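# Examination of the molecular architecture
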Amino acid sequence: MDVKKVINALNKAIALEHAAVLQYQQHALLVSGLWRRVFADFFSAHSKDSLDHAHKFGQKVVALGGVPTVEIGTSVRQSTDLEEMLQQDLQLERETMQAYLEAHELAAGDVALRTMLESHIESEQRDIEELEMYLGMVKTKGIEREVNLRRVK
Ligand SMILES: [Fe+2]
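In this text, all values refer to a predicted model and were calculated from it rather than measured experimentally. Throughout this document, residue positions are counted from 1 along each chain, in the order its sequence is written. Where totals are concerned, whole chains, interfaces and linings use all residues; where local detail is concerned, this predicted model gives features only for residues with pLDDT of at least 70, and gives and counts side-chain atom pairs only at 80 or more.

The axes used here are C-alpha line fits, helices contributing only the stretch in contact, and every angle between their N-to-C directions lies in the interval 0 to 180 degrees. Note on conventions: DSSP H or I runs of at least 4 residues are helices, E runs of at least 2 residues are strands, and numbering of each starts at the N terminus. Put simply, helix H1 (residues 3-30) and helix H2 (residues 35-63) touch, their axes get as near as 8 Å, and they point 160 degrees apart. On the basis of their axis angle, the class for H1 and H2 is roughly antiparallel. In the packing of H1 onto H2, the handedness of the crossing is left-handed. When residues are grouped by polarity, Ala, Val, Leu, Ile, Met, Phe, Trp, Tyr, Cys and Pro land in nonpolar, Asp, Glu, Lys and Arg in charged, and all others, Gly among them, in polar. The residue makeup of the contact of H1 with H2, split by class, is 14 nonpolar, 10 polar and two charged. Angles below 35 degrees are treated as roughly parallel, those above 145 as roughly antiparallel, those between 65 and 115 as roughly perpendicular, and all remaining angles as oblique. Left-handed describes a crossing in which the near helix is turned anticlockwise from the far one by less than a right angle; the clockwise case is right-handed.

Written out as structure tokens, the structure is:
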């Protein structure tokens, strides 16, 4: 295993997590109207999760003898439209997933790191699926329909 390459790959993922910390935080601040009731907390929680992820893999970079990056991996995107926010977050999560998959590929000789990445990739995939589900609902106005149905009952 090329440790330098693994450290670089992990740092790429960490830098993208840093972007996610700021992007989710900004979306939590900007989401407005009725959506704010649901999504402000959702975005805030994801911002904190992204910071935890950066910290978790930062510790691994240190353990491997490297220095965790303090860079922001991509530009932070913002919007005042919920659908656009969710699309921006989904795109960033998919990019981050790619970075974790690359690190996993390079970590062939390190069972502990591979296992750590596998469990992390599985939980990141659940986040992606959740975003896809919300995006689908917002697109088809499914949430409004659900609210209306509840009102009828
Ligand atoms: Fe993450």
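The rest of the description comes next.
Each residue carries a pLDDT score, the predictor's confidence in it, ranging from 0 to 100. For the chain, the average pLDDT comes to 93, and 92% of its residues sit at 70 or higher. Per-residue pLDDT, averaged within each element of the chain, yields its smallest value for helix H5 (residues 142-152) (58) and its largest for H1 (98).

Counting through the fold element by element, Glu 17 comes out in helix H1. Residues with at least 20 other C-beta atoms within 10 Å of their own are called buried, those with 12 or fewer are called exposed, and the rest are partly exposed. The C-beta atoms themselves are positioned from the backbone. On the basis of neighbour count, Glu 17 is assigned to the buried category, with 26 C-beta atoms found within 10 Å. Taking the C-alpha atoms as reference points, Glu 17 and Asp 52, 35 residues apart in sequence, are found 9.0 Å from one another.

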